Amino acid sequence: MKTLHVHVGVQDLATSIRFYSSMFGAEPTVTKPDYAKWLLDDPRVNFAISMGNHARNGIQHLGVQVESPCELGEVYGRIKAAERPVLEEGRTTCCYAKSEKSWISDPDGVVWEASYTDGEATTYGDSPALETLGTEPAAARCCAPSAAVI
């Protein structure tokens with residue numbers, strides 16, 4: 001089953017954790033000094049926030065998180081069929097997790113990731129810009145890959 005992923009940059013993590021915990025009626029499933037994540041079943045969403053060097057304020061990116069490598073292959077196929085540049089990051093550490101992922105931006109520059117997470121990490125990971133996708137704002141940041149566009 002696929003899960004919608006939303007990543008938002010915030011100015012004050014503690015204040016935002018209190019706000020989103022109240023809004024979702026749940027505490028984060030992951031909390032770090034610069035990051036928090038809620039894995040919710042209702043609505044089914046992986047909602048993450050971060051601050052500092054990882055993010056500018058506001059929506060960082062949207063994504064589709066899958067539960068298996070097979071589902072990831074299905075989503076990758078749809079991304080490639082969208083006829084936009086795809087940035088295949090492959091294996092990476094991002095947002096305190098070990099994942100396999102690719103990136104694409106829509107015609108208006110909204111960045112989307114497709115990912116399968118299969119482990120935790122002790123570090124946040126790298127956060128270079130997604131400029132190689134071509135249409136997204138230069139400020140778009142977060143766990144973006146430095147791999148070549150295919």
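Going by the structure above, here's the rest.
Residues numbered from 1 in each chain as written. Predicted model: local features only at pLDDT ≥ 70, side-chain atom pairs only at ≥ 80, totals over all residues. Heavy atoms only, no water.

> Please explain the overall build of the protein as it appears in this structure.
For the protein, the count of helices and strands is two helices and eight strands. In sequence order, the secondary structure elements of the protein are arranged as β-α-β-β-β-β-α-β-β-β. When each of the 150 residues of the protein is scored for burial, the buried share is 47%. Considering only residue pairs separated by 6 or more positions, the protein has 56% of its internal contacts joining residues 24 or more positions apart. Roughly 7500 Å² of accessible area belongs to the protein as shown, and the carbon and sulfur atoms make up 54% of that amount. (Helix = DSSP H or I, 4+ residues; strand = E, 2+ residues; numbered from the N terminus. Buried < 20%, exposed > 50% of the residue type's maximum accessible area, 1.4 Å probe, protein only. Contact = heavy atoms within 4.5 Å. Areas by Shrake-Rupley, 256 points an atom, 1.4 Å probe, with all protein chains shown as cover.)

> Even after reading the chapter, I still don't get the nonpolar core, so can you show me in this structure?
What tends to happen in soluble globular proteins is that the nonpolar side chains get buried as a cluster. Val6, Val8, Val10, Leu13, Ile17, Tyr20, Ala36, Trp38, Leu40, Val45, Phe47 and Ile49 form the largest nonpolar core, which has twelve residues in total. Once residues lying within four places of it in the same chain are set aside, the contact partners of Val45 are Thr3, Leu4, Val6, Trp38, Leu39 and Leu40. Core analysis: the next-biggest nonpolar cluster, separate from the first, contains nine residues, Leu72, Tyr76, Ile79 and Ala114 among them. (Core = buried A, V, L, I, M, F, W, Y, C linked by side-chain atoms within 4.5 Å.)

> How do you make sense of the sheet that holds strand β6 (residues 86–94) when you look at a structure like this?
The pairing of strands in a sheet happens through backbone hydrogen bonds and is either parallel or antiparallel. Judged by pairing direction, the sheet is mixed, and its eight strands sit side by side in the order β2-β3-β4-β1-β5-β8-β7-β6 without closing on themselves. Each of the sheet's edge strands pairs with one partner strand only, and the pair in question is β2 (30–32) and β6. The average undirected angle you get between the axes of adjacent strands in this sheet is 20°. Of the strand pairs in this sheet, strand β3 (residues 35–41) and strand β4 (residues 44–50) are connected by seven bridges, and their pairing is antiparallel. Directly across from Leu40, in β4, lies its bridge partner Val45. Seen against the sheet, helix α1 (residues 13–24) touches β1 (3–9), β2, β3 and β4 and runs at an angle of roughly 5° to β3. (Pairing = 2+ DSSP bridges. Axes fitted to C-alpha atoms, helices over the stretch in contact; angles between N-to-C directions.)

Limitation: the analysis is restricted to geometry and does not speak to function.
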